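# What the coordinates show
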Amino acid sequence: MPTRALLVSNFVCGWLGRLNVGCGFAVRVLAILALLVVASDAFSGGSKAAPKKVAKVAKVAKVAKVAKVAKVAKVAKVAKVAKKVAKPVAVKKAAAPKSSTFSTGTEIGVTPPLGLFDPLDFLSRGPDVYRRYQEIEIKHGRLAMAATLGVIVTEAGIRLPGYLSLDQDLKFADVPGDLGGAYSSVPLAGWVQIVAFIAALDIAVFRQDPEYAPGDVVQDLPIDWVRYADPEVKAFKLNVERNNGRAAMFGILGMISHTALGQDALFPIVSN
């Protein structure tokens, strides 16, 4: 800028000297020209300097954008690692615990000579399942005892009085004493009544309450049920019932097998 102003001033002074213009006028002209030169330099210099500033701003923006992208990538990476770490781990389901109250010395049904006989490992299924199996065993034992006693009484010739079926003119005395004859002689309606009566007793009358011991189905019924205050006597009686029920289940199964084979239910050897 100084070089350009000096050249312009020399040129103007030489031009004014030729025109014989006064010195004061020349100074004024030079001042005006100097202002014009400065203004042109300012405008031209500003237009050239602006790109540098803009470039600097763009560079700063680019750096900020890169930093922001890097920060976002870092956050995403940290979130991915956290998600991988927080992945749920499969937990093995623990096996059902055995009944903590079971004792081979005091448990009803654990009697000599077999003692604890559990070849199918029912005890590993938990106390609730074991309790259910106890109730089923007692119930089946009682039904088997009644069935065995019924076969013995029938074969002994003891019959109920009256008619078994009025439509068929069938009396109880006409029913054969063997198991096969009783099964085939009783009408279908009679078997339906027998099954319905037993089901009603099991569901409504002699219903098993979980609060009571297995097999204790009398509860508050107006029945003079025998109760034993002595724990040893009570355990002995309950074990006797359990063993008699088991024997009766084998007994009635054997009687049915004998009858199916064409032999007498009680005396299969001497009958034929």
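Read on for a plain summary of the structure. Numbering of residues starts from 1 in every chain and runs along the sequence as written. A pLDDT threshold of at least 70 governs which residues receive local features in this predicted model, and a stricter bar of 80 or more applies before side-chain atom pairs are shown or counted, although totals over entire chains, interfaces and linings include all residues. In computing side-chain properties, one takes all heavy atoms of the structure into account and sets aside hydrogens as well as water.

### Some thoughts on the pattern of salt bridges
The term salt bridge refers to a side-chain nitrogen of Lys or Arg lying within 4 Å of a carboxyl oxygen of Asp or Glu. Taken as a whole, this structure holds seven salt bridges when the rule is applied. Of the charged contacts in the structure, one is a salt bridge between arginine 131 and glutamate 135, with a shortest N-O distance of 2.7 Å. With a gap of four residues between them, arginine 131 and glutamate 135 both fall in helix H3 (residues 127-155), about one helical turn apart. With a closest N to O distance of 3.1 Å, aspartate 216 and arginine 227 form a salt bridge. Placement of the pair is aspartate 216 in the loop between helix H5 (188-205) and helix H6 (231-260) and arginine 227 in the loop between H5 and H6, with a sequence separation of eleven residues. By sharing partners, the salt bridges in this structure join Arg131, Arg132 and Glu135 into a single network. Each helix is a run of DSSP H or I of at least 4 residues and each strand a run of E of at least 2, with the numbering of both proceeding from the N terminus.

### A few points about the packing of aromatic side chains
Classification of ring pairs uses Phe, Tyr and Trp, with its six-membered ring standing for Trp, and accepts pairs whose centres are within 6.5 Å; under 30 degrees between planes counts as stacked, over 60 as edge-to-face, and the remaining range as tilted. Going through the model one piece at a time under the given rule, you end up with two aromatic pairs. Aromatic pair phenylalanine 122 and tyrosine 133: ring centres 4.7 Å apart, planes at 55 degrees, arrangement tilted. Taken together, the residues phenylalanine 122 in the loop between helix H2 (23-85) and H3 and tyrosine 133 in helix H3 connect sequence positions eleven residues apart. For each residue, the accessible area found with a 1.4 Å probe, counting protein chains only, is set against the maximum for its type, and the residue is called buried under 20%, exposed over 50%, and partly exposed in between. When its relative accessible area of 30% is taken as the criterion, tyrosine 133 is described as partly exposed.

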